[in-house]
Amino acid sequence: MFTGASPSLPRFGLRFLFGVVWDPVHGIFGVAPEILGTLVTSGIALLISVPLSIGAAIFLSEHAPAWLRDPVGYVIELLAAVPSVVFGFWGLAVLVPLMQGSVDPWLQSAFGWSPLLGGPNGGGRNILTASVVLAVMVTPTISAVTRESLAAVPRDQREAALSLGATRWEATRLAVLRYARTGIFGGIILGLGRALGETMAVTMTIGNKNAFSGSLISPGQTMSSLIANEFTEATGKLYVSALVEIGLVLLLVTLLVNIVARLLVWRVVRGGAVAGGA
Amino acid sequence: MSSANANQSATTTPPADTIVRKKSRTGPIIAIVVVILIVIILLVAYQAGWLTAKKSTKYSFTGAGSTFVFPLVNTWELNYNSSSSSVNYQGVGSGAGIQQITAKTVDFGASDAPLSATQKSAASGILQFPESAGGVAIIYNLATVTGQVRFTGAVLAQIYLGTITNWNDARLQSIQAAGVTLPSGSITVVYRSDGSGTSFVYTSYLSAENATWKATVGHGTAVHWPAGIGAKGSSAVTSTVKTTPGAIGYVDLEYALANGVTFGAVQNPSSLTDFVSPTLASTGSAIADFSGTFPGGAGDWGNISILNSAGAGDYPITSLTYFLFYQDLGTAYGSSYSMAKAQALVAWFNWAIHTGQSYSAALYYVPLPANLVAIDAATLASMTFNGQAIPVT
């Protein structure tokens, strides 16, 4: 990748990371809007999917009756294996008309005063839509891993908590979740990785505009969707190498985000162990 | 994972009957997997033609490039009956096609745009064959308007620059035919987000028509679009326009005709009142009426533009696509080629520019006009194998 990006690396330097204009005609390449787009879509996707998937996993492994547990568990694991283009198509066919017809106009009229949800909307194809599709995509991954970690908690742990007079919810929260949290965080990081690198489903729903307006209902672009959009017809050495350099940046961003996430997990887990005492 | 957990819990708790049932399921599962595998292998075998009598060909040629011509080349592949050769074309995009023919990993390339001077010098001895003409149609979504909406190049440029933002803008309304009243409503501009030959043609047209566009945006397979939203591929542009009231977009004429999308008429440069609807005839005549002289296959096509052809009734946003071959197949590919193989390749393309053109109209492609067929035939005759002329059959 370094070799592929060698023509554009020295030419743009740090301007590549902070430039906001992507203009192949005039040979100006900056990917700041795409870096922001990638981080924002993945972040919102996690905000939506983490409570949802952990809730689903807790329900399935701790509270659901046995006849419901296995079938629903299988369905969730199946969803994790569905190719992303299918999610993208679902987004295009179901979510986009919904956003276009009701959600976006409502958000605009209710919160249009804030720059976060104002501005022109992209006909249902925007950063929020892509984030929701990503959330739906990573939910099965996170909840499948969470379910496995919860299942790995020894039964003694629950029985001990219950016998001390804990309610069912208290037992889940204090004994089970705390015991399984490393696995759960692992699942979240796995989901984050999938969201950061996702290409197809995002390209189909994000609106593909090489700018980041700050509004969630405006079209945007992520690094991977920009590569997918322009790589096939890219002509000229500099253009192609700029696209390869995006790949390099994406790799670095993913690495960085993962390191930060790991550090967070490490801190939380260690801090928890001290506070937990017993 | 789940079976490991089951085992784990089996050691700490008395075995429940569910665990026993799970173990006995392994047998049937293996059987099902085996059956599925056999079915897949049979399907592959059928698809690959292992089960049927195989049509054996001596030479197989590979091409790569433009997605625009893919349906046409695919039809040629199916209809070209020759015992000596078969052709496999991959629509990977013009940029990738040019790269692959330059690297000599394919036998021919196809591009929606002519080679630039740099590209041409990188692939020395390359020949360009104009093949298949295309128009770019302006599609829109205005449910209340019954007549065909008219556009001029200047108006289109201002819409795409974001300076005309409402359908009832006086600059747009004043050019409409009597009885066509455009509603008040904002214009949603839609463009191709992926690099595309269609964008190349369309932005070239806007550059020719509007000085501001030329200076600030320019032309290319992907540009820095000043306004609007992007959609990946012709199909996404079409569906975005179809589902967004007040949207405007541009797609290949071939795609617009095949999918029955509403498109507008565009002003012909010869007369202020001549608004031409894109059809196979109006696109074909634009090429036939080209005022300059076409170079030969070895010449420079970079400056050839058939935009704004001046004949009455010519559609202004038209372009050519190009096939790329090396002039001397012996020097280009070395020992992997023989005279007979070179002859088979030339015979195939000769068939494509003559008989192959009869498949164009049904697929909504503009058949190659006679003046270009003559140029292609002459270029084909100039091809050599290690310096020897290749007989065209």
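Residues numbered from 1 in each chain as written. Chains lettered and ligands numbered in written order. Predicted model: local features only at pLDDT ≥ 70, side-chain atom pairs only at ≥ 80, totals over all residues. Heavy atoms only, no water.

Draft legend 1. Fine view of the overall build of chain B. Looking only at helices and strands, chain B features 16 helices and 13 strands. For chain B, the C-alpha radius of gyration of 27 Å lies well beyond 21 Å, the compact-globule estimate for 393 residues. Viewed in the frame of its principal axes, chain B has a C-alpha envelope of about 90 × 65 × 35 Å. Put simply, chain B has 393 residues, and 51% of those count as buried. Look at the contacts in chain B between residues 6 or more apart in sequence, and 73% of them connect residues 24 or more apart. Put simply, chain B shows about 16,700 Å² of open surface, and 59% of that area lies on carbon and sulfur atoms. (Helix = DSSP H or I, 4+ residues; strand = E, 2+ residues; numbered from the N terminus. Rg over C-alpha atoms; globule rule 2.2 N^0.38 Å. Buried < 20%, exposed > 50% of the residue type's maximum accessible area, 1.4 Å probe, protein only. Contact = heavy atoms within 4.5 Å. Areas by Shrake-Rupley, 256 points an atom, 1.4 Å probe, with all protein chains shown as cover.)

Draft legend 2. Looking closely at the nonpolar core. All names here are of chain B. Within the largest apolar cluster, 44 residues are counted, with the highest numbers of intra-cluster contacts made by F323, F325, W348, F349 and M383. Top contributing element to this core by residue count: helix 15 (residues 339-353), with 10 residues. Look past the residues within four positions of F325 in its chain and what remains in contact with it is D107, F108, G125, I126, L127, F129, L345, W348, F349 and M383. Core analysis: the second largest hydrophobic core is formed by 39 residues, Y160, V189, V201 and V217 among them. (Core = buried A, V, L, I, M, F, W, Y, C linked by side-chain atoms within 4.5 Å.)

Draft legend 3. Focus on the domain arrangement of chain B. Residues and elements named next belong to chain B. As far as domains go, chain B holds domain 1 (69-133 + 320-389) and domain 2 (135-288). In this assembly, 13 residues from domain 1 lie in contact with 10 residues from domain 2. In total, about 980 Å² of surface goes out of reach between domain 1 and domain 2, with carbon and sulfur atoms giving 77% of it. The three residues of domain 1 that bury the most area against domain 2 are D112, Y364 and V366, which together make up 49% of that side's buried surface. Our enumeration of links across domain 1 and domain 2 arrives at zero salt bridges. In this structure, the connection of domain 1 to domain 2 is made through zero residue pairs in polar contact (both at pLDDT 80 or more). Here the residues of the side of domain 1 that touches domain 2 sort into 11 nonpolar, one polar and one charged. (Domains from an automatic or database assignment. Buried area = accessible area lost by both parts, 1.4 Å probe. Salt bridge = Lys/Arg side-chain N within 4 Å of Asp/Glu carboxyl O. Polar contact = N/O pair within 3.5 Å; in protein donor to acceptor, adjacent residues only side chain to side chain. Nonpolar A, V, L, I, M, F, W, Y, C, P; charged D, E, K, R; others polar.)

Draft legend 4. Just empty space enclosed by the protein, in detail. Residue and element names in this part refer to chain B. In total, this model carries two cavities of 30 Å³ or more according to the counting rule given. Volume-wise, the largest cavity comes out at about 80 Å³. If you trace the largest cavity, you find it lined by F68, D112, G134, G135, V136, G197, T198, V201, D252, S319, L320 and T321. In the lining of the largest cavity, the residues fall into four nonpolar, six polar and two charged. Taken together, domain 1 (69-133 + 320-389) and domain 2 (135-288) each give at least three residues to the lining of the largest cavity, which thus spans both. Estimated volume of the second largest cavity: approximately 30 Å³. Among the elements of the structure, strand 4 (126-140) and helix 12 (253-259) are those that each provide at least two residues to the lining of the second largest cavity. By residue number, the principal contributor to the lining of the second largest cavity is strand 4, which donates three residues. A breakdown of the residues in the lining of the second largest cavity according to their chemical character gives seven nonpolar, two polar and one charged. (1 Å grid on protein atoms, 1.4 Å probe; cavity = no way out; pocket = protein on both sides within 12 Å on 5 of 7 lines; lining within 4 Å. Points joined across faces, edges and corners; volume = space filled by probe spheres on them.)

Draft legend 5. Local environment of the packing of aromatic side chains. Residue and element names in this part refer to chain B. Taken as a whole, this structure holds 36 aromatic pairs over all chains when the rule is applied. Between Y160 and Y202, the aromatic rings sit 5.2 Å apart at their centres with planes inclined by 75°, giving edge-to-face as the arrangement. Residue Y160 is located in helix 7 (residues 153-161), and its partner Y202 is located in helix 9 (residues 197-209); the two are separated by 42 residues in the primary sequence. The exposure classification of Y160 matches that of Y202, with both residues buried. By the ring-pair criterion, three or more aromatic residues cluster together here, those being F70, W76, Y89, F108, F129, F323, F325, W348 and F349. If you follow K104 out to its NZ or CZ, it ends over the ring of Y326, 5.2 Å from the centre. When the ring centre of Y337 is taken as reference, the NZ or CZ atom of K341 above it lies at 4.6 Å. (Phe/Tyr/Trp six-rings, centres within 6.5 Å; stacked < 30°, edge-to-face > 60°. Lys NZ or Arg CZ within 6 Å of the ring centre and 35° of its normal.)

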